[in-house]
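Geometric and topological summary
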Amino acid sequence: RFLWLLQAFLSVSADYFYVNDLHIVHGLDRIFATYNTIRMILLVGSNLPIWTVSFALLPLAMYYNGALAKKTNRVDRWIFFHTLWHLFGGVL
C-alpha cells in the first residue's frame, strides 16, 4: 500500500502541481511508475494465468501514445493519452 500511496503522491505532484516546472518530482514519478508497472506485471504473471499479463498492453499503449505526443509537442494529445494511461493503469 505504501508504494501505491507514494506513487499517487508523486503522480499528482508531477502532473498537477509541477506540470509546467522543472522539478525533481518528474524524475521520481517516472522511476516509481516504471518500477510499479514492472512489479505489477510480474505479480500478475506469477499469480494468474499468463494471458492476463496482456491486459497491461492497453495502458502501455496509452503511455506510448502520450510520450509520442509529448515528443512532437502535441500538448492536447499528451493530456488525452496521459489521462488514459492513468485511468486504464489504475483500473486494470
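Residues numbered from 1 in each chain as written. Predicted model: local features only at pLDDT ≥ 70, side-chain atom pairs only at ≥ 80, totals over all residues. Heavy atoms only, no water.

1. Comments concerning helix α3 (residues 57–71)
Every α-helix carries 3.6 residues per turn, so stepping three or four residues along brings you back to the same face. The terminal C-alpha atoms of α3, which comprises 15 residues, lie 21 Å apart, in line with the 21 Å expected from a rise of 1.5 Å per residue. Listing the buried residues of α3 in full gives P59, M62, G66 and A69. Take α3 and look down its axis: the buried residues cluster within an arc of 80 degrees, on one side only. Residues of α3 that are exposed and angled more than 90 degrees away from the buried face: L57, Y64 and K71. As for α3, its buried residues are in contact with α4 (75–91). Phi turns positive one or two residues past the end of α3, at N73, with a value near 60 degrees. (Helix = DSSP H or I, 4+ residues; strand = E, 2+ residues; numbered from the N terminus. Expected span 1.5 Å × (residues − 1). Buried < 20%, exposed > 50% of the residue type's maximum accessible area, 1.4 Å probe, protein only. Arc of directions from axis to C-beta. Contact = heavy atoms within 4.5 Å.)

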